Amino acid sequence: MTDQVKELVSKCLQARDKAYCPYSRFPVGAAVLTADGAIITGCNVENASYGLTVCAERTAIQRAVVEGHTQFSAIAVTCDIKDRFVGPCGACRQVLMEVRRCL
Ligand SMILES: [Zn+2]
């Protein structure tokens, strides 16, 4: 694992610790690596109105875009499930495809 990937994973884990998830109790962290080497993080932010909940992946992408980053090299996503993988939800997959194609 390169130092850059280690940093990406480390920041992803730090972001997970900031998750606001009183309803699911399922903290998720994400970190995107931009083409110019910046790392932007996100966490899930839940709401009592489920449709207003934002996943960690989308939070990271939205923060990155606001900060002027439009090219991405990698994304790390983490949760609390040990020894198992969890994939992004359909909404996040759609957003990830959009930034991959359009930005
Ligand atoms: Zn999602």
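The preceding data block contains the structure.
Every residue gets a number counted from 1 within its own chain, in the order that chain's sequence is written. Totals for whole chains, interfaces and linings use every residue, but because this is a predicted model, local features are given only for residues with pLDDT of at least 70 and side-chain atom pairs only at 80 or more, for both listing and counting. Excluding hydrogens and water, the side-chain values take into account all heavy atoms of the structure.

Undergrad: Can you lay out the coordination of the zinc ion for me, pointing to particular residues and giving the numbers?
TA: Counted as donors are the N, O and S atoms within 2.8 Å of the metal, or 3.2 Å for Na, K and Ca, while water is not among the atoms, so some sites may look incomplete. Binding of the zinc ion to the protein goes through Cys55 (SG), Cys89 (SG) and Cys92 (SG), at separations of 2.3 Å. The motif formed by the donor residues of the zinc ion, counted along the single chain, is C-x33-C-x2-C. Of this pair, Cys55 sits in the loop between β2 (39-43) and α2 (56-66) while Cys92 sits in helix α3 (residues 90-102), and the two are 37 residues apart along the sequence. Only protein chains enter the calculation, and the probe is 1.4 Å; a residue is then buried if its accessible area is under 20% of its type maximum, exposed if over 50%, and partly exposed in between. For Cys92, a relative accessible area of 1% gives the class buried. What counts as a helix is a DSSP run of H or I of at least four residues, what counts as a strand is a run of E of at least two, and both are numbered from the N terminus.

Undergrad: Describe the sheet that holds strand β1 (residues 29-34), listing the residues and the values that go with them.
TA: Pairing between two strands is assigned when DSSP locates at least 2 bridges connecting them. Spatially, β2-β1-β3 is the arrangement adopted by the three strands of the open sheet, whose pairing is antiparallel. Each edge of the open sheet carries a strand with a single partner, namely β2 and β3 (72-78). Strand after strand, the sheet turns through a mean of 15 degrees between neighbouring axes, direction not considered. The pairing of β1 with β3 spans six bridges and is antiparallel. Looking across to β3, one finds that Leu33 is bridged to Ala74. Orientation is described by lines fitted to C-alpha atoms, with helices fitted over the stretch in contact, and by angles between N-to-C directions that extend from 0 to 180 degrees.

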